[in-house]
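Overview (structure and organization)
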Amino acid sequence: MSFLLATLRGLSHRRGSTLLILAAALVAAGAAATGPIYYAAAKTSILHDSLSRGGVISRGFEATGTGQLAGLIPNLQTEVTGQLDAALGQKSARRLFGLPIADLETSGIWSVSQAPIPVDWRAGVCSHLRISGSCPTAAGQVIASEPLARRYSLRIGARLDVTGWPKLTLTGIYGIPDVNKDYWFGRGSSAFFSMEFGGSSLDALFTSYATIAAAPTNAQGTGVLDYPLIASHVTIADVPVLQSGIDAVVFSTQLQLVQVPVVSAIPGTFAGIEASWRTVLVPIWLITAQLLSLSWLLLFLAVTDAVEARGSEIALAKLRGRGRWRTLAFGLSEPAALLILALPLGVLLGWAATAALGTLLLRPGTPVAMSPPGWLAAAAATAGGLIAVIVAGRKTLRRPVVEQWRRAGRGATDRGWVVDAILLTGATGGLLNLAINGGINSTSHSVLSLLVPGLLGLAVAVVASRLLPLACRALFRRTASGGGVGTYLAVRHIARRPGGIRTTIVLATAFTLAAFAIAAWSVNRSNDHLLAYTEAGAPTVLTVTTPPGKDLGALIDKADPGGTEAAVVDKFVSLSSGSSGTVTLGVDPERFAHVAFWGRGFSAEPLQ
């Protein structure tokens, strides 16, 4: 009890050093935990962002089979679902993939066009189309596309003669939908709406399942099953399972034997996601390591000040005959207790900071949770602080009683050159190596450049802590003859007491990192704007679809008669054998010169 009361009294008497240790411990634990917590959240953000941006084939797979229409879909589904369950497990397969979208595709020669015309059934198609008329429900009913109806002057109620089918009745005309939606699974522009997208075949006639069921028993066709991935259900742990599982389905021997090809870009998508994870991992751990080392330095300095502040009390404890272990516990209990208390509080602080940062940098709705690596990193920071307590307290506890009461002197600020020389040499050598190898320049993409702020802060701190006492000692003679009592005492206090030197190290490091961060933020913001304007080409870019029979240039001339607010940019891609295509941009030069972005460094010639 007396020990506890003594500790509490010590806390009240040394409020400044106590707050400094607590603040340093909180910063250390929080800074160490922030990196791993942010990385776990960033992995989830990258995963869901990549799945939402990619094409539907990158987050699903498609199986195709051919044969008699009767029983084609049930047989196909039995084969594919069985292989999927075997690869992922039935429970995981049902959690990760939605119900397959079934599709039966046939064709016949239309008497009007004397060309093949697709007659297709796709599950739930009417809910994804804008139809004038009614959805086909009975056998022999179909709907046609607007381009097909315009070309052949079709009207609702018309009878269509297609070989292989009884007379088909047109019950509705549908508008071309957004084929980029997941429901169409990338097949809209090629399999269903070829006319709209410059294909040579006719748009599909969509029919009811009753029509397919009424087909002759020997009618042949193609069955398609589209399995969409439920992106919101995919977790980080599912990525390797899905990669190997979908590969097993795609290359399934059983499916190959029954001639059911499976197509999916899921393995490639997840390979790209894992590459993005690795890209984020390296800088996060480099930054965390720097923050951890600097936090240890800050803790060491704060703990040293606190232990030395208890020097007189430790001396009294020795005079009163306390044993070595009791004196050790008395001298080190306060900073050790503060470090242990700061561990959970620091992790909570790091989690709160990460959650706030996540709202700015991560995908909206990304959960930010405590992670085991975050706790481990924070524990490492605290362990470093506890080691600093032992190292800093060793000198004070072993110091003779008479020396404990000497608070200042010419030798009080003396310290060996070995550690400083090693730190300064390492920092300077690291900076020179980065500069020589191109790590410190405007075009560098090396993650090693992230070591610059830590190395720079360390070098400045070591140099500043050495120069400050020398500068103060050089002012001894001048302040002795003038300048006031305050200046006289200040320069001697800094030069002869070690606390001022330690404070200099902390402040020099902090100001160096702050200056570097502000400069980096300013340069990065300028580069972001330059890159955005350069890639976009203008402050505002609209991608539009020209109405049929209209000229976009004429529409722009009408909307902007002055010719200074908008310009048309037409992009043409000409494909040739063995090449990825030649891109040609067509612009109106006079208009383009008024709206296009033109950086000063692009060319000496003005845009006009």
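Residues numbered from 1 in each chain as written. Predicted model: local features only at pLDDT ≥ 70, side-chain atom pairs only at ≥ 80, totals over all residues. Heavy atoms only, no water.

Remarks on the nonpolar core
- Phe61, Leu84, Phe97, Leu148, Leu229, Leu242 and Phe270 are the most contacted members of the largest nonpolar core, which has 65 residues in total.
- Ranked by residue count, the leading element in this core is helix α2 (residues 15-53), at 10 residues.
- With near-sequence residues (within four places) excluded, Phe97 lies in contact with Gly60, Phe61, Leu84, Leu88, Tyr227, Pro228, Leu229, Ile230, Leu242, Ile246 and Ile266.
- With 16 residues, the next largest nonpolar core counts Ala24, Ala25, Leu299 and Ala377 among its residues. (Core = buried A, V, L, I, M, F, W, Y, C linked by side-chain atoms within 4.5 Å. Buried < 20%, exposed > 50% of the residue type's maximum accessible area, 1.4 Å probe, protein only. Helix = DSSP H or I, 4+ residues; strand = E, 2+ residues; numbered from the N terminus. Contact = heavy atoms within 4.5 Å.)

A short note on the pairing of strand β7 (residues 168-174)
- Counting buried positions along β7 gives 6 out of 7 residues, so the element sits mostly inside the fold.
- In this structure, strand β4 (residues 131-133) lies alongside β7, joined through 3 bridges in antiparallel fashion. What sits directly across from Ile131, in β7, is Tyr174.
- Where strand β5 (residues 141-145) meets β7, 5 bridges bridge the pair, whose relative direction is parallel. (Pairing = 2+ DSSP bridges.)

Remarks on a nonpolar patch on the surface
- Nonpolar side chains collect at one region of the surface, where Leu341, Leu345, Leu348, Trp351, Met370 and Trp375 lie side by side and expose about 540 Å² of accessible area between them.
- Broken down by element, the residue count for the nonpolar patch peaks at 4 residues, all from helix α12 (residues 324-361).
- By the element assignment, Trp375 lies in helix α13 (residues 372-398). (Patch = residues over 30% accessible without salt bridge, like charges linked within 9 Å, V, L, I, M, F, W, Y side chains within 5 Å. Areas by Shrake-Rupley, 256 points an atom, 1.4 Å probe, with all protein chains shown as cover. Salt bridge = Lys/Arg side-chain N within 4 Å of Asp/Glu carboxyl O.)

A closer look at empty space enclosed by the protein
- On inspection of all chains with the given rule, the structure shows 1 cavity of 30 Å³ or more.
- Taken as a whole, the largest cavity encloses approximately 30 Å³ of empty space.
- If you trace the largest cavity, you find it lined by Ala25, Ala28, Ala29, Leu299, Leu339, Ala342, Leu343, Ala381 and Thr382.
- Secondary structure elements with two or more residues in the lining of the largest cavity: α2, α12 and α13. (1 Å grid on protein atoms, 1.4 Å probe; cavity = no way out; pocket = protein on both sides within 12 Å on 5 of 7 lines; lining within 4 Å. Points joined across faces, edges and corners; volume = space filled by probe spheres on them.)

Looking at the confidence of the model for the protein
- Residues at a pLDDT of 70 or more form 77% of the protein, whose mean pLDDT is 79.
- Ranking the elements of the protein by mean pLDDT puts helix α1 (residues 2-13) last, at 45, and β5 first, at 94.
- In this model, residues 1-13 is a region of pLDDT below 50 whose contacts with residues beyond four sequence positions or in other chains number 8 contacts.
- In the predicted structure, residues 408-413 sits below a pLDDT of 50 and forms 15 contacts with residues beyond four places in sequence or in another chain. (pLDDT = per-residue confidence, 0-100.)

Brief notes about the packing of helix α3 (residues 72-88) against helix α8 (residues 238-250)
- Two elements in contact, α3 and α8, have axes separated by 9 Å at closest approach and are oriented at 145°. The two elements α3 and α8 meet at a crossing, and its hand is right-handed. Contact residues: α3 offers Gln83, Leu84, Ala87 and Leu88, while α8 offers Val241, Leu242, Gly245, Ile246, Ala248 and Val249.
- Along the lines of polarity and charge, the residues of the contact of α3 with α8 split into 8 nonpolar, 2 polar and no charged. (Axes fitted to C-alpha atoms, helices over the stretch in contact; angles between N-to-C directions. Left-handed = near helix turned anticlockwise from the far one by under 90°. Nonpolar A, V, L, I, M, F, W, Y, C, P; charged D, E, K, R; others polar.)

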